[in-house]
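# Notes for the structure review
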Amino acid sequence: DVKVTQSSRYLVKRTGEKVFLECVQDMDHENMFWYRQDPGLGLRLIYFSYDVKMKEKGDIPEGYSVSREKKERFSLILESASTNQTSMYLCASSGTTSGSTDTQYFGPGTRLTVL
Amino acid sequence: AQSVTQLDSQVPVFEEAPVELRCNYSSSVSVYLFWYVQYPNQGLQLLLKYLSGSTLVKGINGFEAEFNKSQTSFHLRKPSVHISDTAEYFCAVSQNNAGNMLTFGGGTRLMVKP
C-alpha cells in the first residue's frame with residue numbers, strides 16, 4: 001500500500017512565523033503535490049514537483065514556497081504566515097510504481113491555524 | 001482552462017436509498033475524470049476513474065459513475081447507501097493521465113441518515 005505521511009495533523013502558529021509542512025511518501029513516486037482545502041472551494045493546487053529539485057506553480061502559489069531535495073520528501077514553506085493561510089493542507093503523490101501516474105495518493109492532511 | 005462544478009454542496013439521504021452526486025466539467029480538450037472520497041479526519045481516497053473506453057465506470061464500495069461527453073458530466077451513483085458512506089466526495093478532472101494538475105470541484109457532503 002502506498003503511504004503518504006505528513007509531519008503534523010494539527011499545527012497552530014502566529015502571524016509572521018515561518019512554517020514548514022513536511023510530506024514523505026514511501027512508493028518511490030516521481031510526482032508530489034501540495035493542496036489546500038477550504039470549505040466550498042474543494043482542493044486547490046499550490047505547487048507540484050515531478051522530480052527532485054524540480055517544482056512548478058499550481059493555481060495559488062502566492063505566499064508559499066516548496067523544497068524537494070530528496071525524491072521521497074516534499075516540503076511546503078510559509079515564509080511569513082498570515083491568518084488567511086489558515087486551512088487544511090493536503091500532500092499527494094503519484095508515480096509509475098503504482099501502475100500509472102494518473103492516480104494521486106493523499107496524506108491525512110495538516111490542519112494549520114494561524115493566529 | 002478547465003473547471004469542475006459539483007452542483008450540490010450537501011446531499012442528505014436515508015440509509016438504503018439510492019443516491020446520485022452530480023459533477024459537470026468544462027474543458028476545451030479531452031479530459032480524464034476522477035471521484036475521490038474523504039472520510040472524516042482522513043485524506044482523500046480514489047473511488048473510481050475514467051480514462052477511456054466504457055463510459056460506465058465501477059469503483060470501490062459499490063459506487064459507479066457514467067461519463068457523458070455531450071453533457072460534460074460525470075455523475076456518481078450508488079443504488080443503496082450505508083451509514084458508512086457518510087463522507088465528502090470530490091470530482092476532479094485532468095487533461096492528461098500523468099496525474100498532474102488535477103482540478104477539483106467544491107465537494108459534496110453526503111449525509112446518510114438511519
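Structural notes, computed from the coordinates. Not measured: the values here are computed from a predicted model. (Residues numbered from 1 in each chain as written. Chains lettered and ligands numbered in written order. Predicted model: local features only at pLDDT ≥ 70, side-chain atom pairs only at ≥ 80, totals over all residues. Heavy atoms only, no water.)

We now examine the overall build of chain B. In terms of regular secondary structure, chain B is built from zero helices and twelve strands. The N-to-C order of helical and strand elements in chain B reads β-β-β-β-β-β-β-β-β-β-β-β. For chain B, the C-alpha radius of gyration of 13 Å lies close to 13 Å, the compact-globule estimate for 114 residues. For chain B, the spread of C-alpha atoms along the three principal axes comes to 40 × 30 × 20 Å. Relative to its full complement of 114 residues, chain B shows a buried share of 46%. Intrachain contacts of chain B at a sequence separation of at least 6 include 57% that bridge at least 24 residues. Of the roughly 5,400 Å² of accessible surface on chain B, a fraction of 50% belongs to carbon and sulfur atoms. (Helix = DSSP H or I, 4+ residues; strand = E, 2+ residues; numbered from the N terminus. Rg over C-alpha atoms; globule rule 2.2 N^0.38 Å. Buried < 20%, exposed > 50% of the residue type's maximum accessible area, 1.4 Å probe, protein only. Contact = heavy atoms within 4.5 Å. Areas by Shrake-Rupley, 256 points an atom, 1.4 Å probe, with all protein chains shown as cover.)

Formally, a disulfide is one covalent bond, and it connects the sulfur atom of one cysteine to the sulfur atom of another. Applying the stated rule across the entire model yields two disulfides over all chains. Disulfide pairing is shown between Cys23 of chain A and Cys91 of chain A; the S-S distance is 1.9 Å. Measuring the twist about the S-S bond at about -75°, one finds the Cys23 of chain A-Cys91 of chain A disulfide to be left-handed. Placement of Cys23 of chain A in strand E3 (residues 19-25) and of Cys91 of chain A in strand E9 (residues 87-94) is noted, with a sequence separation of 68 residues between them. There is no split in this pair, since Cys23 of chain A and Cys91 of chain A are both buried. The side chain of Cys23 of chain B participates in a disulfide bridge whose partner is Cys91 of chain B; the two sulfur atoms lie 2.0 Å from each other. Residues Cys23 of chain B and Cys91 of chain B are joined by a disulfide whose S-S torsion is about -65°; by sign, that bridge is left-handed. (Disulfide = S-S within 2.5 Å.)

This part covers empty space enclosed by the protein. Applying the stated rule across the entire model yields one cavity of 30 Å³ or more. Within this model, the largest cavity holds a volume of roughly 40 Å³. In terms of lining, the largest cavity is formed by Arg9, Tyr10, Met88, Gly109 and Arg111 of chain A together with Asn41 of chain B. For the lining of the largest cavity, the per-class residue count stands at two nonpolar, two polar and two charged. (1 Å grid on protein atoms, 1.4 Å probe; cavity = no way out; pocket = protein on both sides within 12 Å on 5 of 7 lines; lining within 4 Å. Points joined across faces, edges and corners; volume = space filled by probe spheres on them. Nonpolar A, V, L, I, M, F, W, Y, C, P; charged D, E, K, R; others polar.)

A few words now on the sheet that holds strand E7 (residues 65-70) of chain A. Residue and element names in this part refer to chain A. The four strands are arranged E1-E3-E8-E7 in an open sheet whose pairing can be described as antiparallel. Each of the sheet's edge strands pairs with one partner strand only, and the pair in question is strand E1 (4-6) and E7. For this sheet, the mean inter-axis angle between neighbouring strands, taken without regard to orientation, is 20°. (Pairing = 2+ DSSP bridges. Axes fitted to C-alpha atoms, helices over the stretch in contact; angles between N-to-C directions.)

Turning to the nonpolar core, a few remarks are in order. Nonpolar side chains in soluble globular proteins tend to be buried together. Trp35, Leu48, Leu76 and Tyr89 of chain B are the most contacted members of the largest nonpolar core, which has 28 residues in total. Sorting the residues of this core by element identifies strand E2 (10-14), strand E3 (19-21), strand E5 (32-38), strand E6 (44-50), strand E8 (64-68), strand E9 (73-78), strand E10 (87-94) and strand E12 (108-113) of chain B as the ones contributing at least two each. At four residues, the largest contribution of residues to this core is made by E10 of chain B. One finds Cys23, Ile46, Ile60 and Tyr89 of chain A within the second-largest nonpolar core, a separate group that totals 20 residues. (Core = buried A, V, L, I, M, F, W, Y, C linked by side-chain atoms within 4.5 Å.)

Taken together, the contacts link 21 residues of chain B with 23 residues of chain A. Buried surface at the junction of chain B and chain A, summed over both partners, amounts to about 1,700 Å²; 50% is from carbon and sulfur atoms. Remark: the boundary between chain B and chain A carries zero salt bridges. Seen at the junction of chain B and chain A, the total is four residue pairs in polar contact (both at pLDDT 80 or more). Looking at the side of chain B that touches chain A, the elements that each hand over two or more residues are E5, E6 and E10 of chain B. (Buried area = accessible area lost by both parts, 1.4 Å probe. Salt bridge = Lys/Arg side-chain N within 4 Å of Asp/Glu carboxyl O. Polar contact = N/O pair within 3.5 Å; in protein donor to acceptor, adjacent residues only side chain to side chain.)

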